[in-house]
Amino acid sequence: MIHRFLIAAALLALPLSPAFAAEAEQRSINVSGSAEVKVVPDLILLDVGVESRHAQLDQAKRSNDENVAKALAFLKRSGVPDKDVQTDFISIEPTYHSDYSFTKPQIYIVRKSIGIKLSRIGDLENVLTGLLSSGVQYIHGIEFRTSQLRKHRDAARALAVQAAKEKADALAAELGVRRGPALNVSESYSGGWWRSGSRWGNGMSGGQMVQNVMQNSGGGGESGDGETLSVGQISVSASVSTSFAIE
């Protein structure tokens, strides 16, 4: 029994390893901070669609091509650069009789989507109205963006870091200690755009959205001299998580 006691006492007397001692001495405060900045968008991305239906495939395709050509010609006349216009979706869908006798299609549906980037925000209403009068039936989406996303993310991150520091200082003061240097940090971002829209379909998707856009952009009812579409602001957010040493 005495030998066992001596061995245990000797083990307790041994110094801690450097790694274990450093870990034991490294006290820290773990905090997070977040911030949000609001910016006015200076880019608009439009996603519009042209749909044609006919019992003959060649007729459906020809009608679709003609309407797409009219829309592209309008965009060119409006001064939208070719590099900012792209056809990004094409589909040909045969539909059959309800008795599911897949022998001969009853009708062919040809669809094409056009992606458009507008760098002149004031052109939005005129472009929407012109497209809806130039063969476009669907407004799939309107997305507001900023061309200076990196700049606004940096600003939001700086505010988030400051928030984390202030939170760590408050915790340290309440604990009666001082905040030391940062030990580690991680970051994340969100926002920078806002989108509204839908995809192909009936009822609440394509048709009703077109009607709403027509009304808002002066395509029906009374129209005034003022603008009827507002781009508003978009949010750019940043978050940081960090650990500070305790001195």
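Up top you'll find the structure we're talking about.
Residues numbered from 1 in each chain as written. Predicted model: local features only at pLDDT ≥ 70, side-chain atom pairs only at ≥ 80, totals over all residues. Heavy atoms only, no water.

Draft legend 1. Seen up close, the sheet that holds strand β6 (residues 179–191). Spatial strand order, β1-β8-β6: 3 strands in an open sheet with antiparallel pairing. The sheet is open, and its two borders are formed by β1 (28–39) and β6, each paired with just one other strand. Taken over all neighbouring pairs, the strand axes of this sheet differ in orientation by 20 degrees on average, direction set aside. Sheet topology note: the β6/strand β8 (residues 234–246) ladder contains 10 bridges and is antiparallel. Its bridge partner lying in β8, Val185 is registered against Thr242. Sheet contacts for helix α5 (residues 149–175): β1, β6 and β8; angle to β1, the most-contacted strand, approximately 145 degrees. (Pairing = 2+ DSSP bridges. Helix = DSSP H or I, 4+ residues; strand = E, 2+ residues; numbered from the N terminus. Axes fitted to C-alpha atoms, helices over the stretch in contact; angles between N-to-C directions. Contact = heavy atoms within 4.5 Å.)

Draft legend 2. Fine view of the packing of aromatic side chains. Evaluation of the coordinates by the stated rule reveals 1 aromatic pair. Here the basic side chain of Arg179 rests over the ring of Phe244, its NZ or CZ set 5.1 Å away from the ring centre. (Phe/Tyr/Trp six-rings, centres within 6.5 Å; stacked < 30°, edge-to-face > 60°. Lys NZ or Arg CZ within 6 Å of the ring centre and 35° of its normal.)

Draft legend 3. Spotlight on α5. Compared with the 39 Å implied by 1.5 Å per residue over 27 residues, the 39 Å span of α5 between its first and last C-alpha is a close match. Listing the buried residues of α5 in full gives Leu149, His152, Ala156, Ala160, Ala164, Ala168 and Ala172. Gly176 lies just past α5 and shows a positive phi near 75 degrees. (Expected span 1.5 Å × (residues − 1). Buried < 20%, exposed > 50% of the residue type's maximum accessible area, 1.4 Å probe, protein only.)

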